[in-house]
Amino acid sequence: MAVLGTLPPDLNCRPIHQADWDGVADCLLRGFPERGRNYWMRALARLSQRPVVADFPQYGFALENAGRIVGVVLTLYARFPGREGDEIRCNISSWTVDEGYRPQAMKLIWAILRRRDVTFTNISPAPATLKANKALGFQLFSNGQ
């Protein structure tokens, strides 16, 4: 039984690297079983072709326990010209955490949201994440297409 506030001793939140693709795809497939493994591998390949923005992670973050990826959030960073210079924006995508680690799911999001110099979006949130998004301060822009 997991207790909120306690972390398994081997739990680590870190940027995703290309060497993690298999574990990331496995985790995403567990969280989004309606998508096939090839879908996630193609998504990671597309992310690898995007330009890296400053010191931000190219793919996103992984929650890892004892060498196994148990949570993932993909991030798409982009630089846009703004009134006072370039602005950084990030779309948060494909956030999933294995059931036994969900009490620690916010560890993934806080790794991203701690940056105050970024504008964050979640263009296509899963319905189950809407309450969490609202609690994090996201504002609803539209009710769908």
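Refer to the structure above for everything that follows.
Within every chain, residues take consecutive numbers counted from 1 along the sequence as written. In keeping with the model being predicted, local features are shown solely for residues with a pLDDT of at least 70 and side-chain atom pairs are shown and tallied solely at 80 or more, while totals for entire chains, interfaces and linings include all residues. Only hydrogens and water are set aside when side-chain values are computed; all heavy atoms of the structure are taken into account.

For the protein chain, the helix and strand inventory stands at four helices and five strands. What you see in the protein chain, going N to C, is helices and strands ordered as β-α-α-β-β-β-α-β-α. The quantity called the radius of gyration is restricted to C-alpha atoms. Its globule counterpart is 2.2 Å times the number of residues to the power 0.38. Since a compact globule built from 145 residues should have a radius of gyration of about 15 Å, the 15 Å found for the protein chain is in line with a globular shape. Summarising its shape, the C-alpha atoms of the protein chain cover approximately 50 × 30 × 30 Å along the three principal directions. Burial here depends on accessible area, computed with a 1.4 Å probe over protein chains only, as a share of the maximum for the residue type. Under 20% is buried, over 50% is exposed, and the range in between is partly exposed. Of all 145 residues assigned to the protein chain, the portion counted as buried reaches 40%. Contacts spanning at least 24 positions in sequence make up 60% of the contacts within the protein chain whose residues lie at least 6 apart. About 9200 Å² of surface is accessible on the protein chain, with carbon and sulfur atoms providing 52% of the total. Distance from the positive charge centre (18 side chains) to the negative charge centre (13 side chains) of the protein chain: 5 Å. A run of H or I in DSSP becomes a helix once it reaches four residues, and a run of E becomes a strand once it reaches two; helices and strands are each numbered from the N terminus. Should any heavy atoms of two residues lie within 4.5 Å, those residues are considered in contact. Residue-level accessible areas treat just the shown protein chains as cover; the underlying method is Shrake-Rupley with a 1.4 Å probe. Charge convention: Lys and Arg are scored as positive, Asp and Glu as negative, and His as well as the terminal groups of each chain are ignored. For this purpose, a charge sits on NZ of Lys, CZ of Arg, CG of Asp or CD of Glu.

Of the positions making up helix H1 (residues 21–31), those classed as buried are Trp21, Val24, Ala25, Cys27 and Leu28. Each buried residue of H1 lies within a common arc of 165° when the element is viewed along its axis, so the set occupies one face. The secondary structure elements touched by the buried residues of H1 are helix H2 (37–49), strand E3 (68–82) and strand E4 (85–97). The arc in question is the one spanned by the directions pointing from the helix axis to the C-beta atoms.

Moving on, we get to the sheet that holds strand E5 (residues 118–121). Here, a strand pair is defined by DSSP locating no fewer than two bridges between the strands. Pairing is mixed in the open sheet, where five strands are placed in the order E1-E2-E3-E4-E5. What marks the edges here is a single partner per strand, and that holds for strand E1 (11–15) and E5. Across this sheet, the average inter-strand angle for adjacent strands is 25°, counted without regard to direction. Here E3 runs beside E4; their pairing, made up of eleven bridges, is antiparallel. Across the sheet, residue Val72 finds its bridge partner in E4, namely Thr96. Structural elements are reduced to axes, namely lines fitted to C-alpha atoms, with helices fitted over the stretch in contact, and the angle between N-to-C directions of any two is expressed from 0 to 180 degrees. Here H2 sits on the sheet and contacts E3 and E4; the angle it forms with E3, its principal contact strand, is near 40°. Sitting on the sheet, helix H3 (residues 106–113) is in contact with E1, strand E2 (60–65), E3, E4 and E5, with an inclination near 175° to E4.

Here the focus is the pattern of salt bridges. Here a salt bridge means any side-chain nitrogen of Lys or Arg lying within 4 Å of a carboxyl oxygen belonging to Asp or Glu. Tallied over the entire structure, the rule returns ten salt bridges. Among the salt bridges present, the one from Arg37 reaches Asp22, with a minimum N-O distance of 2.8 Å. Placement of Arg37 in helix H2 and of Asp22 in helix H1 is noted, with a sequence separation of 15 residues between them. Of the residues examined, Asp22 reaches a relative accessible area of 45% and is grouped as partly exposed. Through salt bridges with shared partners, a single ionic network connects Arg14, Asp20 and Glu64.

Positive phi, close to 50°, is recorded for Ala66, a residue that is not glycine. Structurally, Ala66 is set in the loop between E2 and E3. Here Ala66 falls in the exposed class, since its relative accessible area comes to 60%. One non-glycine residue, Ser94, adopts positive backbone phi at about 55°.

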